[in-house]
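Coordinate analysis (summary)
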Amino acid sequence: GILGGLTWAIDAFAGPLAGGFFGMLIMLPWWCLQAYEAYLPNLPGQFEALKIAWRRAHDIRYLGGLFLFTAVTDSYIIWENPEYILTLFCAKPTGITGILAKAQSPALHIAIGYGFLKLHRWAFFVYLAYAGFGLLNATANYACFGFGRIRAIFFISLLAFTAYVIWRRECFDESRNSCSP
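I will try to describe carefully the structure that is included in this document. (Residues numbered from 1 in each chain as written. Predicted model: local features only at pLDDT ≥ 70, side-chain atom pairs only at ≥ 80, totals over all residues. Heavy atoms only, no water.)

What follows deals with the packing of aromatic side chains. Applying the stated criterion to the full structure yields 11 aromatic pairs. Ring centres of Trp 54 and Tyr 164 lie 6.5 Å apart, and the angle between their planes is 75°; this geometry places the pair in the edge-to-face category. Taken together, the positions of Trp 54 in helix 3 (residues 46-55) and Tyr 164 in helix 7 (residues 149-167) put the pair 110 residues apart, joining distant regions of the chain. Overall, Trp 54 belongs to the partly exposed group, its relative accessible area being 24%. Since its relative accessible area comes to 24%, Tyr 164 is described here as partly exposed. When the centroid spacing of 5.8 Å and the interplanar angle of 55° are considered together, the rings of Phe 116 and Tyr 127 count as tilted. (Phe/Tyr/Trp six-rings, centres within 6.5 Å; stacked < 30°, edge-to-face > 60°. Helix = DSSP H or I, 4+ residues; strand = E, 2+ residues; numbered from the N terminus. Buried < 20%, exposed > 50% of the residue type's maximum accessible area, 1.4 Å probe, protein only.)

Structural data, given as structure tokens:
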């Protein structure tokens, strides 16, 4: 329907990666919400299902799933492109330092993803540290290399995700298994 058409329009205007990014951020969660509503007893309606999912912090768990998915894709990219050198603060480390620099990404994505799925408080702080590192690194790379489309998308999406995670910080309490509406 409308979301599919919007995804197609974004794909035509900005390229297939932008369309896929939109689908991952908007369409996939919407489909997950519809499946969640079908799972609930008495089919409360989508608005009520959204409120229930919100109270139970399923949005944070969804982000955890995205982190785990990203860990898999990062690992695949690293495995298939061993010659790729990650840029860190305008430097391109090689050798064992370069391998460790590349390995930190999937390792932290796994840790954050697991922590978000379980709503562990430590995951919130690990995410904030990782986001701070990412913002500082992106800023340094902007200063060294100038504008880049991927760099810009990363920077903007990191700011948006971090603001959202900070806004929903009360959800990170595994003993409650929910958060306030």
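The structure having been displayed, the exposition proceeds.
Membership of the largest hydrophobic core comes to 20 residues, with the highest contact counts inside it found for Ile 60, Leu 63, Ile 112, Phe 116, Tyr 127, Val 165 and Phe 172. Counting residues per element, this core draws most heavily on helix 6 (residues 121-145), which supplies six residues. For Phe 172, the residues in contact, after removing those within four places along its chain, are Ile 60, Phe 116, Leu 119, His 120, Arg 121, Phe 124 and Val 165. Judged by nonpolar contacts, the second largest core, of six residues, contains Tyr 36, Ala 49, Ile 52 and Ala 53. (Core = buried A, V, L, I, M, F, W, Y, C linked by side-chain atoms within 4.5 Å. Contact = heavy atoms within 4.5 Å.)

Contact pair helix 2 (residues 16-39) / helix 4 (residues 58-80): the axes reach a minimum separation of 12 Å and the direction vectors enclose 125°. In terms of their interaxial angle, helix 2 and helix 4 are classed as oblique. Helix 2 and helix 4 meet at a crossing whose hand is right-handed. Of the residues in helix 4, those touching helix 2 at Met 24, Leu 28, Pro 29, Cys 32 and Tyr 36 are His 58, Tyr 62 and Leu 66. Its residues placed into classes, the contact of helix 2 with helix 4 shows seven nonpolar, one polar and no charged. (Axes fitted to C-alpha atoms, helices over the stretch in contact; angles between N-to-C directions. Parallel < 35°, antiparallel > 145°, perpendicular 65-115°, else oblique. Left-handed = near helix turned anticlockwise from the far one by under 90°. Nonpolar A, V, L, I, M, F, W, Y, C, P; charged D, E, K, R; others polar.)

If you walk through the whole model with that rule in mind, you get three salt bridges. Glu 48 is the partner of Lys 51 in a salt bridge, and the nearest nitrogen-oxygen pair spans 3.2 Å. With a gap of three residues between them, Lys 51 and Glu 48 both fall in helix 3, about one helical turn apart. Since its relative accessible area comes to 35%, Lys 51 is described here as partly exposed. (Salt bridge = Lys/Arg side-chain N within 4 Å of Asp/Glu carboxyl O.)

Moving on, we come to the layout of surface pockets. Approximately 1900 Å³ is the volume attributed to the largest pocket. Along the wall of the largest pocket there are 42 residues; nearest its centre are Thr 70, Asp 74, His 109, Ile 150 and Phe 154. Counting residues per element, the ones that place at least two in the lining of the largest pocket are helix 2, helix 4, helix 5 (95-118), helix 6 and helix 7. In terms of residue class, the lining of the largest pocket is made up of 27 nonpolar, 11 polar and four charged. Roughly 620 Å³ of internal volume is contained in the second largest pocket. If you trace the second largest pocket, you find 19 residues lining it, with Pro 29, His 58, Asp 59, Tyr 62 and Tyr 164 closest to the centre. At the level of secondary structure, the elements contributing two or more residues to the lining of the second largest pocket comprise helix 2, helix 3, helix 4 and helix 7. Sort the elements by how many residues they give to the lining of the second largest pocket and helix 2 lands first, with seven residues. (1 Å grid on protein atoms, 1.4 Å probe; cavity = no way out; pocket = protein on both sides within 12 Å on 5 of 7 lines; lining within 4 Å. Points joined across faces, edges and corners; volume = space filled by probe spheres on them.)

So, about unusual backbone geometry. The phi torsion at Phe 89 lies on the positive side, around 50°, for a residue other than glycine. Among the secondary structure elements, Phe 89 is positioned in the loop between helix 4 and helix 5. Of note, the phi angle at Leu 119 is positive, near 60°, even though the residue is not glycine. Along the chain, the position of Leu 119 falls in the loop between helix 5 and helix 6.

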